[in-house]
Structure formats: C-alpha cells, structure tokens
Amino acid sequence: MKDRVFSGARPTGRQHIGNYLGAIQNYVGLQEDYQCIYCIVDIHALTTLEATEGLQENIHEMMLDWLAAGLDPERSILFVQSHVPQVMELHTLLSMVTPLGWLTRVATFKEKARTQPHNINYGLVGYPVLMTADIVLYKAGIVPVGEDQLPHLELAREIVRRFNYIFGDTFPEPEAKLTTTPLVLGLDGVKKMSKSLNNEIELAASAEETRERVMSAFTDPARRYRSDPGHPEVCNVWRLHHFFNPDQIDEIADECRDARRGCVECKEQLAEGINLALAPFRNRRAELVARPQYVKEVIADGAHRAHAIAIETLTEVKERMGLI
Ligand code: TRP
C-alpha cells in the first residue's frame, strides 16, 4: 500500500498565486507517489467568528481551484472536514491525552489570543488537537505544510507518542513535508501574499484583471525615474518573474540594473507570463464552473471514501480506550 499523505487548508475561497506555488502545486505532485487525502478544514475556520459568512461559497470556489489545478478525485480523496464528523469524536478522545500546558504554549494560540482578545475560545486552544485528529484519523504519515505549521505538527507528534505510549501502538508519527517554494510576497512587495491583505493575484482572475493587479504592484522603491538604475534583488516583480519567466530571469535583471527596461514594461511582461501560465488552469476552471453538480459529486464522494477509513480508525481507538 502507498504511504498516506494528508493535508488540510482553510476555506479561503478563490486561491491565489501564493497558495498555488506554496501548497497546491505540491499537493498535485504528491499524487504521483502517495495515496493523498486533501481536506478543506471548515471546522477549523470557525475559530474565527467572521468565518461563517460565505463559508459554503468559499468551500465551493476553493474546490474548483483545486480541481482545475490538477487535484484528481480519481486518485486522491478530496473532501470537507465537517462532512466526516468522526474527526470531532477523535478530537475529544485525543484531548484526554493532551496536557493543557502543551496547548497554551503554542505560539499561534498566543498570537490569536492577542489579536482577538474578544474571542479567546476553547476551540482556539484545541486547534492543534483537531489538526492532529485530522491527520491521524487517516493514519497519515506525511503532511505537506508550510513552515508556519511546524509547531503544530510537532505537537501532533507529541500527542501521537503519548497516545501510543498509553494505549499501545495505534498511529504513525506524522512527518512534515516542507514545500520547497520560498515565501511568495504580495503586490505590496513586503508582506506574504494573502487575501486579507488584498495584495494577491487570484488564479481565477481574468487576463485583464491580472494585468491591472500586476500594474499596481510595488517595485524597487529607490527607482523613481525610468532612467534610474533598478535593483532587481529588492523588487518583488523580479521575484515573481522567477516563477513565470524563469528563462529570462538574468536578462531581466541586467536590463533593470542599467535602466534598459522600465518598471511598466517589466510588469507588462510579468502579467503576460502569468496569463500564459494560467491559461490552461483557467480553461479547465471554466469547464468546471459549467458543471456545478460535478463539484458537488466530487465532494460527496470524497466524504464517502474518507468516512470509510475514519470509521475503521475510530473503532480501533475506542477499543483501545476501553469504550467498546
Ligand atoms: N492549521 C492548518 C493551517 O492553518 C490547516 C490544517 C488543519 C491542517 N488541519 C490540518 C494542515 C491537518 C495539515 C494537516 O494552514
């Protein structure tokens, strides 16, 4: 049997270039060698109260992007977390072997407690336990995540070790598989590309929308006039060229440095590169948009297949814990 991969992502709606380069591309590649399970974690999203707004639409749009990008429901299980409610049972059971101190020490918890002091809820403390339940419900050994999730994964391993120690070997210790793509910065050239910062380029944007977004990008701040020499190494447009015009990357840098190219042309070229690269994705997505029933079927089938595995694991866990 192939090793199992599990990853979860919050329902953030339409995905952007940062999501693609940082996660989705990696998810797609792993399908070659592993049995992959990819989950839209709608329950996790509820730790932030505003999340309920547009939740269903966000899930649908995200699944459209996943499918159009090459996640393949024939090979992988694609589903929505709450559709397999056994994860919440397992979360409760795992919470019994998780010392509270482990959870309140987590940096993301402390950060959330600081940024949403009006809503430091119990779910927020248990966030990593639910994440652990996600992974181990499917006995996944490999978890593709970004660097920011490493502390959560370390905690998952500790919970697994403790469970296995107390109740006998049940779960594999999940290992993080870091994505190799460096951080993708947004149009501001300063912060990580993210919807909430409105600095993103959506995969599903039209060619014209993409061009407009790219033209608004910040470039080298020291370059005020077209005739000024540029500094590609501090320019995010140049960084983005790495992904979309990799063959011309040195030429672009040289031309920028001796002011043979201006920022406007440089951005025009980037927009063209992005539009060219994303054209097949956008065509596939348009086909899927025309078949909303198909997307629903994929989600239902994913839940069905995930459920079968979940029931098996949960029964074993309950036996080990003396509940059966
Ligand atoms: N915490 C992850 C994030 O915010 C999402 C997530 C939930 C996850 N469950 C998971 C990731 C299980 C990997 C495995 O990005």
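Residues numbered from 1 in each chain as written. Predicted model: local features only at pLDDT ≥ 70, side-chain atom pairs only at ≥ 80, totals over all residues. Heavy atoms only, no water.

A few points about the packing of helix 10 (residues 236–244) against helix 11 (residues 249–257)
Packed helix pairs are characterised by how far apart their axes lie and by the angle those axes make with each other. Packing of helix 10 against helix 11 leaves a shortest axis separation of 9 Å and a crossing angle of 160°. When the axes of helix 10 and helix 11 are compared, the pair comes out roughly antiparallel. Viewed along their axes, helix 10 and helix 11 form a crossing whose handedness is right-handed. Facing Trp238, His241 and His242 of helix 10, the residues of helix 11 in contact are Ile249, Ile252 and Ala253. Across the contact of helix 10 with helix 11, the residue classes tally to four nonpolar, two polar and no charged. (Axes fitted to C-alpha atoms, helices over the stretch in contact; angles between N-to-C directions. Helix = DSSP H or I, 4+ residues; strand = E, 2+ residues; numbered from the N terminus. Parallel < 35°, antiparallel > 145°, perpendicular 65-115°, else oblique. Left-handed = near helix turned anticlockwise from the far one by under 90°. Contact = heavy atoms within 4.5 Å. Nonpolar A, V, L, I, M, F, W, Y, C, P; charged D, E, K, R; others polar.)

Structural notes on the environment of Ser206
Following the sequence through the fold, Ser206 ends up in the loop between strand 5 (175–178) and helix 9 (207–215). Looking at Ser206, the relative accessible area reads 34%, which means it is partly exposed. Each C-alpha atom, one on Ser206 and one on Ala279, is 9.5 Å from the other, the two residues being 73 residues apart in sequence. Sequence-distant contacts of Ser206, defined by excluding residues within four places in its chain, comprise Asn275 and Arg282. (Buried < 20%, exposed > 50% of the residue type's maximum accessible area, 1.4 Å probe, protein only.)

Quick word on the domain arrangement of the protein chain
The domain boundaries assigned to the protein chain delineate domain 1 (4–184 + 292–320) and domain 2 (207–286). A C-alpha centroid distance of 35 Å is found between domain 1 and domain 2. Taken together, the contact pairs eleven residues of domain 1 with seven residues of domain 2. Both sides together, the interface formed by domain 1 and domain 2 hides about 790 Å², and carbon and sulfur atoms give 69% of it. Contact with domain 2 buries surface across domain 1, with Ile17, Leu21 and Ala68 losing the most and accounting together for 51% of the total. For the interface between domain 1 and domain 2, the tally reads two salt bridges. Of the charged contacts, one joins Glu61 and Arg285 as a salt bridge, the two residues approaching to 2.8 Å between their closest N and O atoms. (Domains from an automatic or database assignment. Buried area = accessible area lost by both parts, 1.4 Å probe. Salt bridge = Lys/Arg side-chain N within 4 Å of Asp/Glu carboxyl O.)

Remarks on the packing of aromatic side chains
Throughout the structure, instances matching the rule amount to eight aromatic pairs. Ring geometry for Phe79 and Tyr138: centres 5.7 Å apart, planes at 70°, overall edge-to-face. One end of the pair, Phe79, is in strand 3 (residues 77–80); the other, Tyr138, is in the loop between helix 7 (122–137) and strand 4 (142–145), with 59 residues separating them in the sequence. Side by side, Phe79 and Tyr138 carry an identical accessibility label, which is buried. Judged by centre distance (4.9 Å) and plane angle (45°), the rings of Phe163 and Phe167 are tilted. Here Phe163 and its partner Phe167 are both found in helix 8 (residues 150–167), four residues apart, which amounts to about one turn of the helix. The buried category is assigned to Phe163, whose relative accessible area is 0%. (Phe/Tyr/Trp six-rings, centres within 6.5 Å; stacked < 30°, edge-to-face > 60°.)

With respect to the nonpolar core
Counting residues in hydrophobic clusters, the biggest one holds 48 residues, and the most contacted among them are Ile17, Tyr38, Met63, Trp66 and Ile274. Ranked by the residues each element gives to this core, the list is headed by helix 3 (residues 55–69), at nine residues. Among the domains, domain 1 (4–184 + 292–320) and domain 2 (207–286) are the pair contributing at least three residues each to this core. Leaving out residues up to four positions away in the same chain, Ile17 has contacts with Met193, Ile201, Leu203, Phe244 and Ile274. Counting 44 residues, the second largest nonpolar core, distinct from the first, contains Leu94, Val106, Ile159 and Val317. (Core = buried A, V, L, I, M, F, W, Y, C linked by side-chain atoms within 4.5 Å.)

Observations concerning the site of the ligand
Taken together, 13 residues surround the ligand, and among them Gly8, Tyr127, Met131, Asp134 and Gln149 come closest. Between the ligand and the protein, one listed contact pairs a nitrogen atom with a side-chain N or O atom of Tyr127 at 2.8 Å. Within the side chain of Gln149, a nitrogen or oxygen atom sits 2.9 Å from a nitrogen atom of the ligand. When the ligand sits alone it has 370 Å² of accessible area, and the protein chains cover 90% of it. Elements supplying a minimum of two residues to the shell around the ligand: strand 1 (4–9), helix 7 and strand 4. The element that contributes the greatest number of residues to the shell around the ligand is helix 7, accounting for four residues. Class assignment for the residues of the shell around the ligand results in seven nonpolar, four polar and two charged. (Near = heavy atom within 4 Å. Polar contact = N/O pair within 3.5 Å; in protein donor to acceptor, adjacent residues only side chain to side chain. Areas by Shrake-Rupley, 256 points an atom, 1.4 Å probe, with all protein chains shown as cover.)

Examining unusual backbone geometry
Even without glycine at this site, Lys139 takes up a positive phi of about 50°. Mapped onto the fold, Lys139 is located in the loop between helix 7 and strand 4. For Lys139, a relative accessible area of 26% translates into the label partly exposed. We note that Ala259 has phi near 55°; this positive angle belongs to a residue other than glycine.

Quick word on the pattern of salt bridges
Following the criterion strictly, the structure yields 23 salt bridges and no others. Salt-bridge contacts for Glu200 lead to Arg213; the nearest nitrogen and oxygen are separated by 3.2 Å. A residue pair is termed long-range when its members are at least 10 positions apart, and Glu200 in the loop between strand 5 and helix 9 and Arg213 in helix 9 qualify at 13 residues. The class of Glu200 is buried, set by a relative accessible area of 9%. Among the salt bridges present, the one from Arg260 reaches Asp258, with a minimum N-O distance of 2.8 Å. On the accessibility criterion, Asp258 (43% relative accessible area) is partly exposed. Linked by salt bridges that have partners in common, Arg14, Glu61, Asp65, Glu202 and Arg285 make up one network.

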